[in-house]
Amino acid sequence: MAIAGSLRPVVSRSRLGLAAKTALAAGLAWALAPLVPGPAAHYAYYAPLGALVSMYPTVADSARHGLQSLLGLGLGVGLALVVANFTQASALAVAVVVGLGVLIGGLPKMGAASDWVPMAALFVLVIGGQSADTFSLAYVLQMAIGVGIGFAVNWLILPALHFDAVTSAFGKLRSALAGQLEDMASAMTEEWPPDHSDWAERDALLGRTASDVRRAVHRAEESARANHRRKRHPRDLAQDLKHLRAVERVTFQVQDITDVLSSAIWEERAGTSVPPDLADRLAGGLASTAALVRGWNDPDRLSELLDEAQAAIDDVSSALRVAAAREASVNATASVAMSLRRIIGIVGRTAESKTAA
């Protein structure tokens, strides 16, 4: 099962599609490269390399990395030609072009070009030899042909739109947040300390799940750039960004609730506790907010869930005032109630912005 799980990304639909397009681009580059007039036809093997370096999951990445590779190639070629005017290939010359190439590659915003500067300089100096000028022209020309073919294939043949992953990532995070709130609601009604404490150790997991959502949204944005298929598959990416910021704020609030309740339950010297008569009310608030988060994307029930969650938190607030009047310790309960109220507000504002849009 572990082996099958590790192989799943390799045979995913998107990966297989990228592999097929890369293979097609490399094959076309190899077939067309010998048709270039002049000595450049003898260096046809650089065209498939150009196609390879320009193939990325998104059209925008394909264009960016392809152009950056050509930029680095041009800089490396220029560096090697300057050095070749003074000396032939030798240990010292190789050290000089590689060292200078690495330095040039460290310039800001070089991207993929940084790796190509020393590599191209080395190839021109060592392989070009006495025909460095001819080799350099052929090298750049064939690589450019390959990059152009790679970009064309990637743009023309079903360029990927990574929209489905966004919906899935949002769903996983909402489920994780709701599950965390539900587990904490259950802990409130158990004998303290509760029998299960795994919820208190999920802070990092919630953070990673939220990061997955951000990566999915960013990837969707990248895949939509310069992609002609976006017109046939519209998606409001601006709304996704708003939703992303909202779920990240909710994640922070849930993490804060987790810290407060963990401290109240297991840290005797923390000075925080939840009075027994408030525990049931707090459990209700946590459970109602969990239901709201789980149904966040259900427009038919969202208004009802918002009302139920608000009523539950109002009930907690009323009980808090009574407990505070008798000078009971209410700091932890008040903190959790405030976080729950903020979560309700975030979800409510998100729903209003969708309605307005």
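Residues numbered from 1 in each chain as written. Predicted model: local features only at pLDDT ≥ 70, side-chain atom pairs only at ≥ 80, totals over all residues. Heavy atoms only, no water.

Colleague: Would you mind going over the overall build of the protein chain in detail, with residue names and values included?
Modeller: When helices and strands are tallied, the protein chain shows 13 helices and zero strands. Written out in order from the N terminus, the α and β elements of the protein chain read α-α-α-α-α-α-α-α-α-α-α-α-α. Against the globule reference of 21 Å for 357 residues, the protein chain gives a C-alpha radius of gyration of 30 Å, more extended than a compact globule. With the C-alpha coordinates aligned to their principal axes, the bounding extent of the protein chain is approximately 95 × 50 × 40 Å. For the protein chain, long-range pairs separated by at least 24 residues make up 79% of all intrachain contacts whose partners lie at least 6 apart in sequence. Surface accessibility of the protein chain: about 18300 Å² in total, with carbon and sulfur atoms responsible for 60%. Separation of charge centres in the protein chain, based on 32 positive and 33 negative side chains, amounts to 11 Å. (Helix = DSSP H or I, 4+ residues; strand = E, 2+ residues; numbered from the N terminus. Rg over C-alpha atoms; globule rule 2.2 N^0.38 Å. Contact = heavy atoms within 4.5 Å. Areas by Shrake-Rupley, 256 points an atom, 1.4 Å probe, with all protein chains shown as cover. Lys, Arg positive; Asp, Glu negative; His and termini not counted. Charge placed at Lys NZ, Arg CZ, Asp CG, Glu CD.)

Colleague: Run through the nonpolar core, naming residues and quoting values.
Modeller: If you look at the biggest cluster of nonpolar residues, it comprises 61 residues, and the most contacted ones within it are Leu 181, Ile 257, Leu 261, Leu 282, Leu 286 and Leu 340. Contributing elements (two or more residues each) for this core: α8 (164–188), α9 (203–224), α10 (237–266), α11 (276–294), α12 (299–325) and α13 (331–356). Once residues within four sequence positions are removed from consideration, Leu 282 is found in contact with Met 188, Leu 261, Val 274, Val 316, Thr 333, Val 336 and Leu 340. By size, the runner-up hydrophobic cluster in this structure holds 23 residues, among which are Tyr 46, Ala 93, Ala 120 and Ala 121. (Core = buried A, V, L, I, M, F, W, Y, C linked by side-chain atoms within 4.5 Å. Buried < 20%, exposed > 50% of the residue type's maximum accessible area, 1.4 Å probe, protein only.)

Colleague: Can you lay out the confidence of the model for the protein chain for me, pointing to particular residues and giving the numbers?
Modeller: Predicted confidence across the protein chain gives a mean pLDDT of 88, with 92% of residues reaching 70 or more. The least confident element of the protein chain, judged by mean pLDDT, is helix α1 (residues 2–7) at 50; the most confident is helix α3 (residues 46–53) at 95. (pLDDT = per-residue confidence, 0-100.)

Colleague: Provide a residue-level description of helix α5 (residues 91–105), including the pertinent values.
Modeller: The terminal C-alpha atoms of α5, which comprises 15 residues, lie 21 Å apart, in line with the 21 Å expected from a rise of 1.5 Å per residue. Ala 93, Val 97, Gly 101 and Gly 105 are the residues of α5 that are buried. Projection of α5 onto a plane perpendicular to its axis shows the buried side chains occupying an angular sector of 90 degrees, all on one side. Among the exposed residues of α5, those oriented more than 90 degrees off its buried face are Ala 91, Leu 92, Val 102 and Leu 103. (Expected span 1.5 Å × (residues − 1). Arc of directions from axis to C-beta.)

Colleague: Pulling in residues and values, what's your account of α12?
Modeller: Given a rise of 1.5 Å per residue, 27 residues ought to cover 39 Å, and the 40 Å separating the end C-alpha atoms of α12 matches this to within 8%. Of the residues making up α12, those classed as buried are Leu 302, Leu 305, Leu 306, Ala 309, Ala 312, Ile 313, Val 316, Ser 317, Ala 319, Leu 320 and Ala 323. Following α12 by one or two positions, Glu 327 adopts a phi angle in the positive range, close to 65 degrees.

Colleague: Residues and numbers for a nonpolar patch on the surface, please.
Modeller: Taken together, the side chains of Leu 24, Leu 28, Leu 32, Leu 35, Trp 155, Leu 156, Ile 157 and Leu 158 make up a nonpolar region of the molecular surface, amounting to roughly 760 Å² of accessible area. Counting only elements with at least two residues in the nonpolar patch, the list comes to α2 (13–32) and α7 (132–156). Take the nonpolar patch: its biggest share by element is three residues, from α2. (Patch = residues over 30% accessible without salt bridge, like charges linked within 9 Å, V, L, I, M, F, W, Y side chains within 5 Å. Salt bridge = Lys/Arg side-chain N within 4 Å of Asp/Glu carboxyl O.)

Colleague: So what about the packing of α11 against α12? Which residues, and what values?
Modeller: Relative placement of two packed helices is described by the angle separating their axes and the distance separating the axes. Viewed as axis vectors pointing N to C, α11 and α12 meet at an angle of 160 degrees, and their least axial separation amounts to 8 Å. The orientation of α11 with respect to α12, classified from their angle, is roughly antiparallel. For the pair α11 and α12, the crossing hand works out as left-handed. From α11, Leu 278, Arg 281, Leu 282, Gly 284, Gly 285, Ser 288, Thr 289, Ala 291 and Leu 292 reach across to α12, where they touch Leu 302, Leu 305, Leu 306, Glu 308, Ala 309, Ala 312, Ile 313, Asp 315, Val 316, Ala 319, Leu 320 and Ala 323. Its residues assigned to classes, the contact of α11 with α12 comprises 14 nonpolar, four polar and three charged. (Axes fitted to C-alpha atoms, helices over the stretch in contact; angles between N-to-C directions. Parallel < 35°, antiparallel > 145°, perpendicular 65-115°, else oblique. Left-handed = near helix turned anticlockwise from the far one by under 90°. Nonpolar A, V, L, I, M, F, W, Y, C, P; charged D, E, K, R; others polar.)

Colleague: Provide a residue-level description of the environment of Ala 279, including the pertinent values.
Modeller: Mapped onto the secondary structure, Ala 279 falls in helix α11. In contact with Ala 279, other than residues within four places in its own chain, are Met 188 and Val 274.

Colleague: Hey, could you go over a positive patch on the surface for me, with residue numbers and the actual values?
Modeller: Taken together, the side chains of Lys 242, Arg 245, Arg 249 and Arg 349 present a region of like positive charge at the surface. Structurally, Arg 245 can be placed in helix α10. Residue class for Arg 245 comes out partly exposed when judged on its relative accessible area of 43%.

Colleague: Tell me about unusual backbone geometry, and name the residues and values.
Modeller: The bulk of non-glycine residues show a negative phi, and the bulk of peptide bonds are trans. With a phi close to 60 degrees, Lys 109 is a non-glycine residue in the positive phi region. With respect to the helices, strands and loops of the structure, Lys 109 is situated in the loop between α5 and α6 (113–128). Residue classification places Lys 109 among the exposed residues on the basis of a relative accessible area of 83%.

Colleague: If you had to explain the side chain of His 162 to someone new, which residues and values would you point to?
Modeller: The topology assignment puts His 162 in the loop between α7 and α8. Taking relative accessible area as the criterion, His 162 reaches 9% and is therefore assigned buried. For His 162, the residues in contact, after removing those within four places along its chain, are Ser 14, Pro 57, Thr 58, Ala 216, Arg 219, Ala 220 and Ser 223.

Colleague: Go over the packing of α5 against α6, please, and point to the residues and values.
Modeller: The contact between α5 and α6 brings their axes to 7 Å, and the two run at 160 degrees. Put simply, α5 runs roughly antiparallel to α6. Two packed elements cross with a definite hand, and for α5 against α6 that hand is right-handed. Of α6, the residues touching α5 (which contributes Ala 93, Val 94, Val 97, Val 98, Gly 101, Val 102, Ile 104 and Gly 105) are Ser 114, Val 117, Pro 118, Ala 121, Leu 122, Leu 125 and Val 126. Along the lines of polarity and charge, the residues of the contact of α5 with α6 split into 12 nonpolar, three polar and no charged.

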